[in-house]
Every structure is written in C-alpha cells, then in structure tokens.
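Examining the three-dimensional arrangement
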Amino acid sequence: MNFDEIIDRRGHLSNKWDMMENIYGVPADDGLAMWVADMDFRSPDCVQDAVRAKLEHGIYGYLGDYTPYTSAIQWWMKTRHGWEIEHDWIMTTTGLCNGVGIAVDTLTNPGDAVVLFTPVYHAFARVIRSANRTVLECPLVNTAGRYEMDFDRYETMMTGKETMLILCSPHNPGGRVWSKDELRAVADFARRHDLLVISDEVHHDLVFPGHKHTAMPLADPGIADRLIMLTAPSKTFNIAGTHCGQMIVPSDTLRGQLKARMSALSLASHDFGVAMTTGAYSPEGAAWVDELVTYLDGNRKLFDDGLNAIPGISSMTLESTYLSWVDFSGTGMTREEYKKRVNKDARIAVNYGSTFGTGGETFLRFNIGMPRSQIAEAVERLQSAFSDLQ
C-alpha cells in the first residue's frame, strides 16, 4: 500500500473536501481538509476485491446468509482483541451514530439523562438531545496533556435522572487508550447508579506502539448485563461511507429489546457494507492495518513536533486514532483569532473544540489520516500563520 499517494477527492461528493469552503471558508482549490473523520487513503485490496466480486456478479438482491460476515467479525475480535463473541450477539446498524440513536430511543425515556465524559465525539450529544433526552457532561481532567476521569467529582454531579452512560474507548478527540483499571472504574460507576453502558470502540484498531486497547467486557466481565458494544470497520479501513456498523450485545434481554425496535423501524444492512466488512476482517486486512498504524504514528510525530514548536500551542500526545487534539489556550488569543489564522491564513479546515462539549473550548481537532507530504504542508502553513509567536 502506498500511503504517500495523493488522491484528489474533490468533485467526488466528499463531505470532507467538497464542503469545506461552504462551512469554513477554506478555498477548495488549495485548502487542506483536516476535519471530517475519514482518511485520504484508498482501502486495502481485500476490501476492493469484495466490491469487485459484487460488481462482477452484477445482481444486488436481498441478503440472506450472514454467516461469512458474522464469522469474519468473530475472527477479528478474537484474533485482534482477544474477545470471543457469539454469532447472535451481532446486530448491524447503518453506522455507529445510528447504533447510539437506536439504543437511546429503545432503552431510555424522554427526559432521561445520559452521561458523557467531555470533551467527546460531538455526535453523541446531538443524538441524545434530538431524542428529547438530556446530557450530563462529566468533564475529563487534563493532567499534563493527558485526560483522566474524576469519579469523586462525578458522584456529586449525578441527579438521579441518569439511565445511560456513553463511553468513547479509545477516546475521541483526546486519543486516550483507557487502562483496565479506568474501565473497571467506569463499570463500577455504572453499577452504582444503575446505568446502561454504550461503549463506542470504533477506533480500537488504531492504537500506537506502547499502548494496548482492552475491550470493555474483558476489563470487567460483570458489566455484560448492561453493555452495548459499538464496533465497525469504518475508521480502520476507511469505509465510513458504507454506513455499516455493529452493535454487539451479550445480554439476551437488551438484545431482544433492540432487535424488536429495529424490526419495528424495518432497518436492514447494506449489501456492500456487509461484503466490505467481510473482506476487511481477514488476515490481509490485518496486515494492512499494521502498516497503516505505523504510517499514522509517523504522521503523529511529524505533526506533534511541528505544532509543539509554536509557543503557546500544545498537541495532546495521541495513544490512538488519527485525530490530533490541539490546545491553543497558551497563545493568549481569542477563539475567533486562532480559528481565523487556521482557516483563513493557513487555509485548513478543522473541527472546533467547543462542539465536543465542556473542556474542548480552547482546542481544535485535526485529522492526520492523510499522506505525509500533506501533513508537512499543514505544519508549514500553521507555523507561518503563527510566525509572530516564534
């Protein structure tokens, strides 16, 4: 795989590249899109071959036998994460936001509160509030550039209206890989307050050397009766556009409730998404991911070194994901000033930290899942845009 290849995505209906001028005012001709969380790498041959097989067959009828698909998911979870799951635990959603929406809609009631450890992936709060539930933001603690949880404080914040907790593991946007002890603390907190737990583990394959992701049920097997696991190949293999994700639910009771609701909504999986997932979760896919993580780690080092050389700007050291979380508070600038410098002067589209909830106000999120030369270009532009600080 040539991760250095620059593939022009403009004009291909890409949200990331074709919408940045409308949303951020970043010019389409020479702007850099570092916001939407998909990568600019072509998916591996094992995924492309699965698509070609579909095209060559030429008939796109209803799916019947899901065994190859569920077997591939089982193999991947056991081989890559040491987690053994059953076929019938797996339910397919049209992406993980859809999975969150189904779980919130099915397992909570209007007026209930859902706990989020903020700052966190912005779509969670949007889905919760759209369902007429409320968000309880439990802020993470930034300890020397690394997020930690403060359960003593969280205990004082609980109101009794909370019925669910959503965990992002690994964490987006901070890139933390939670330890087993931290995950057990989450499980204990959920049991004390009788909370259902959604564990979004979509970034679980993109973990850098020196760190190891632990699936929530392996950290605390006793959490299984209240756990909805969310996984997907979308981030790992850059196939988010297929909108194919998995809810893996060990509890018969919870799974029955969720299946009934999905049946009532007549939700079904996408033929191409199933095929691409089956192709991705394979030995060939595993080898590609290992190369990808090595490449992303190089991008991370280049980006961190470049940004941290600018006085007042601090990039949180990533343990996982391809989403760099950068703090601009040390510049002394207003939010509008540093956003202007990034969008207008550096011509880079990024996610604004305020959208991730409490604790994200002074941050911007940069997607570094792109060819190395574009990372170098981004660093050069940002250093120029903030040259007066150096």
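Residues numbered from 1 in each chain as written. Predicted model: local features only at pLDDT ≥ 70, side-chain atom pairs only at ≥ 80, totals over all residues. Heavy atoms only, no water.

**Describing the overall build of the protein**
Keep this limit in mind: Put simply, DSSP H or I for four residues or longer makes a helix, DSSP E for two residues or longer makes a strand, and each gets a number counted from the N terminus. Between the two quantities, the radius of gyration covers C-alpha atoms and the globule rule is 2.2 Å times the number of residues to the power 0.38. For the exposure calls, accessible area comes from a 1.4 Å probe over protein chains only, and a residue counts as buried if that area is under 20% of its type's maximum, exposed if over 50%, partly exposed in between. For this analysis, residues touch if any pair of their heavy atoms sits within 4.5 Å.
Across its full length, the protein carries 15 helices and 15 strands. Relative to a compact globule of 390 residues, whose C-alpha radius of gyration would be 21 Å, the protein shows 21 Å and is just as compact. With the principal axes as the frame, the protein shows a C-alpha extent of 60 × 60 × 40 Å. Relative to its full complement of 390 residues, the protein shows a buried share of 56%. Contacts spanning at least 24 positions in sequence make up 73% of the contacts within the protein whose residues lie at least 6 apart.

**A few points about the packing of helix α3 (residues 45–57) against helix α12 (residues 271–280)**
Defined as follows: Comment: axis = line fitted to C-alpha atoms, over the contacting stretch for helices; angle = value between 0 and 180 degrees taken between N-to-C directions. If an angle is under 35 degrees, it is roughly parallel; if it is over 145, roughly antiparallel; if it lies from 65 to 115, roughly perpendicular; otherwise it is oblique. By definition, any crossing whose near helix is turned counterclockwise from its far helix by less than a right angle is left-handed, and any crossing with a clockwise turn is right-handed. Any residue outside Ala, Val, Leu, Ile, Met, Phe, Trp, Tyr, Cys, Pro, Asp, Glu, Lys and Arg is labelled polar, Gly included; the first ten of those are nonpolar and the last four are charged.
The contact between α3 and α12 brings their axes to 7 Å, and the two run at 140 degrees. Regarding the angle of α3 to α12, the classification is oblique. Crossing of α3 against α12: the hand is right-handed. Taking contact as the criterion, the partners of Cys46, Val47, Ala50, Val51, Lys54 and Leu55 in α3 are, on α12, Asp271, Phe272, Ala275, Met276, Gly279 and Ala280. Taken together, the residues of the contact of α3 with α12 sort by class into nine nonpolar, one polar and two charged.

**Describing the UniProt feature "domain: Aminotransferase class I/classII large" (unreviewed entry) in the protein**
Going by this rule: UniProt positions are given in the numbering used here, feature names are shortened, and annotations may be inferred rather than shown by experiment.
Those residues carrying the UniProt feature "domain: Aminotransferase class I/classII large" (unreviewed entry) are residues 50–382 in this numbering. Secondary structure across residues 50–382 divides into 43% helix and 17% strand, with the first and last C-alpha atoms of the span separated by 40 Å.

**Topic: unusual backbone geometry**
Look at the link from Ser169 to Pro170: it is a cis peptide, with omega at -5 degrees. You can see Pro170 is positioned in the loop between β7 (162–168) and α8 (180–192). With an omega of 25 degrees, the peptide bond between Asn172 and Pro173 qualifies as cis. Secondary-structure assignment places Pro173 in the loop between β7 and α8. Despite not being glycine, Asn132 has its phi angle at roughly 65 degrees, a positive value. With respect to the element layout, Asn132 can be found in the loop between α6 (123–130) and β4 (134–139). Looking at Asn132, the relative accessible area reads 56%, which means it is exposed. Of note in the backbone geometry, Ser266 takes a positive phi value of approximately 55 degrees without being a glycine. Locating Ser266 in the fold gives a position in the loop between α11 (252–264) and α12.

**Comments concerning the sheet that holds strand β11 (residues 314–315)**
Stated precisely, the cut-off is as follows: Any two strands with at least two DSSP-identified bridges between them are counted as paired.
Read across the sheet, four strands follow the order β11-β12-β15-β14 without closing on themselves; strand pairing throughout is antiparallel. Of all the strands in the sheet, just β11 and β14 (351–352) have a single pairing partner and so form its edges. As paired elements, strand β12 (residues 323–327) and strand β15 (residues 363–367) share five bridges and run antiparallel to each other. Bridged to Asp327 within β15 is Phe363. Against the sheet, helix α14 (residues 335–345) makes contact with β14 and β15, and its axis sits at roughly 20 degrees relative to β15, the strand it touches most.

**Brief notes about the side chain of His203**
By the element assignment, His203 lies in the loop between β8 (196–200) and α9 (216–219). We classify His203 as buried; its relative accessible area is 2%. Setting aside residues no more than four positions away along its own chain, His203 makes contact with Pro170, Asn172, Lys235, Thr321 and Leu323.

**Structural notes on α14**
Taken residue by residue, α14 has Tyr338, Lys339, Arg341, Val342 and Asn343 as its buried positions. The inward-facing, buried residues of α14 abut α2 (20–24), β13 (348–349), β14, β15 and α15 (372–385). A positive backbone phi angle near 60 degrees is found at Arg347, which sits one or two residues after α14.

**Remarks on α8**
Filter applied, for reference: A helix is expected to span 1.5 Å multiplied by its residue count minus one. Each C-beta atom gives one direction from the helix axis, and the arc is the one those directions make.
The terminal C-alpha atoms of α8, which comprises 13 residues, lie 18 Å apart, in line with the 18 Å expected from a rise of 1.5 Å per residue. Glu182, Leu183, Val186, Ala187, Phe189 and Ala190 are the residues of α8 that are buried. The arc that holds every buried residue of α8, seen down its axis, measures 160 degrees, which confines them to one face. Packing partners of the buried residues in α8 comprise β3 (113–118), α7 (151–157), β7, β8 and α9. Positive phi shows up at Asp194, right after α8, with a value of about 50 degrees.

**Looking at the sheet that holds strand β2 (residues 90–93)**
Pairing is mixed across the open sheet formed by seven strands, whose spatial order is β2-β10-β9-β8-β7-β3-β4. If you trace the sheet from one side to the other, it starts and ends with β2 and β4, each paired once. With strand direction ignored, the average angle separating the axes of adjacent strands in the sheet is 25 degrees. Direction of pairing for β3 relative to β7: parallel, over a ladder of four bridges. Note on β7: the bridge partner recorded for Leu116 is Ile166. Contacts between helix α4 (residues 67–81) and the sheet are confined to β2, β9 (227–231) and β10 (245–248), with β10 contributing the most and set at about 70 degrees to the helix.

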